[in-house]
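Chain by chain, the residues run as shown.
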Amino acid sequence: QVQLVESGGGLVQVGGSLRLSCAASGITFSSNTASWYRQAPGKQRELVAIINSPGSTFLADSVKDRFTISRDNAKNTVHLQMTSLKPQDTAVYYCNAGNQFPGQYWGQGTQVTVSS
C-alpha cells in the first residue's frame, strides 16, 4: 500500500521560509515522478513543482525564483523548499507521485499560511 505523508507546513510571516517534506512508503521516488500541488480556499488545485525519475525539475512560474524541489533517495523523501513566502502562497500543499503524471497517489496535505 502506497502512503505519502507530508510535513513541514505551518504559519509563517511574509518573506519567511518553510521546508515541506513528503515521505513515501510503498513507492520509490527515484523510480517515479513526484510533484507538489497546492489548493487555496475557493480555488482549483494547481501544480507547483515536479521532479522526475532522472531528477529533472519543473517549477511553476509563480514560484520559480523562490521555491526548490529536491529529492533524498536514501530517505525516499521529496522536499519543497519555499523562500520569500507571500500571502498568495497560502494553501494546502499536497504531495503527488506515481508512474504517470499526475501520479496515482496523493498525500493528505499540509497547511501553509503566510501572514502579513
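Details of the structure are given in the entry above.
Values in this document were obtained by computation on a predicted structure and should not be read as measured data. (Residues numbered from 1 in each chain as written. Predicted model: local features only at pLDDT ≥ 70, side-chain atom pairs only at ≥ 80, totals over all residues. Heavy atoms only, no water.)

1. Comments concerning the sheet that holds strand β1 (residues 3–7)
Moving on, step 1. Taking strand neighbours across the sheet as the criterion, the four strands line up as β1-β3-β8-β7 in an open arrangement whose pairing is antiparallel. Looking at which strands have only one partner, the edges of the open sheet turn out to be β1 and β7 (67–72). Strand-to-strand twist of the sheet, defined as the mean angle between neighbouring strand axes without regard to direction, takes the value 15°.
Moving on, step 2. Where β1 meets strand β3 (residues 18–25), five bridges bridge the pair, whose relative direction is antiparallel. Its bridge partner being in β3, Glu6 is matched across the sheet by Cys22. (Pairing = 2+ DSSP bridges. Helix = DSSP H or I, 4+ residues; strand = E, 2+ residues; numbered from the N terminus. Axes fitted to C-alpha atoms, helices over the stretch in contact; angles between N-to-C directions.)

2. Structural notes on the environment of Ser115
Moving on, step 1. Mapped onto the fold, Ser115 is located in strand β11 (residues 110–115).
Moving on, step 2. Separated by 101 residues in the primary sequence, Ser115 and Val14 place their C-alpha atoms 5.8 Å from one another.
Moving on, step 3. Beyond its immediate stretch of four places on either side in the chain, Ser115 contacts Leu11, Val12, Gln13 and Val14. (Contact = heavy atoms within 4.5 Å.)

3. Section: the packing of aromatic side chains
Moving on, step 1. If you walk through the whole model with that rule in mind, you get two aromatic pairs.
Moving on, step 2. Consider the rings of Tyr94 and Trp106, whose centres lie 6.5 Å apart with planes at 80°: the pair is edge-to-face. One end of the pair, Tyr94, is in strand β9 (residues 91–98); the other, Trp106, is in strand β10 (residues 105–106), and 12 residues separate them in sequence.
Moving on, step 3. Here Tyr94 falls in the buried class, since its relative accessible area comes to 14%.
Moving on, step 4. Three or more aromatic residues joined by ring pairs form one cluster here, namely Tyr37, Tyr94 and Trp106.
Moving on, step 5. Between Arg45 and the ring centre of Tyr94, over which it is positioned, the NZ or CZ distance is 3.8 Å. (Phe/Tyr/Trp six-rings, centres within 6.5 Å; stacked < 30°, edge-to-face > 60°. Buried < 20%, exposed > 50% of the residue type's maximum accessible area, 1.4 Å probe, protein only. Lys NZ or Arg CZ within 6 Å of the ring centre and 35° of its normal.)

4. Quick look at the pattern of salt bridges
Moving on, step 1. In this structure the tally under the stated criterion is four salt bridges.
Moving on, step 2. Two residues, Asp89 and Arg38, come together in a salt bridge whose shortest N-O distance is 2.9 Å. Of this pair, Asp89 sits in the loop between β8 (77–82) and β9 while Arg38 sits in strand β4 (residues 33–39), and the two are 51 residues apart along the sequence.
Moving on, step 3. On the accessibility criterion, Asp89 (0% relative accessible area) is buried.
Moving on, step 4. Two residues, Asp89 and Arg66, come together in a salt bridge whose shortest N-O distance is 2.7 Å. Of this pair, Asp89 sits in the loop between β8 and β9 while Arg66 sits in the loop between β6 (57–59) and β7, and the two are 23 residues apart along the sequence.
Moving on, step 5. With relative accessibility at 10%, the residue Arg66 sits in the buried group.
Moving on, step 6. Members of the salt-bridge network, linked through shared partners, are Arg38, Glu46, Arg66 and Asp89. (Salt bridge = Lys/Arg side-chain N within 4 Å of Asp/Glu carboxyl O.)

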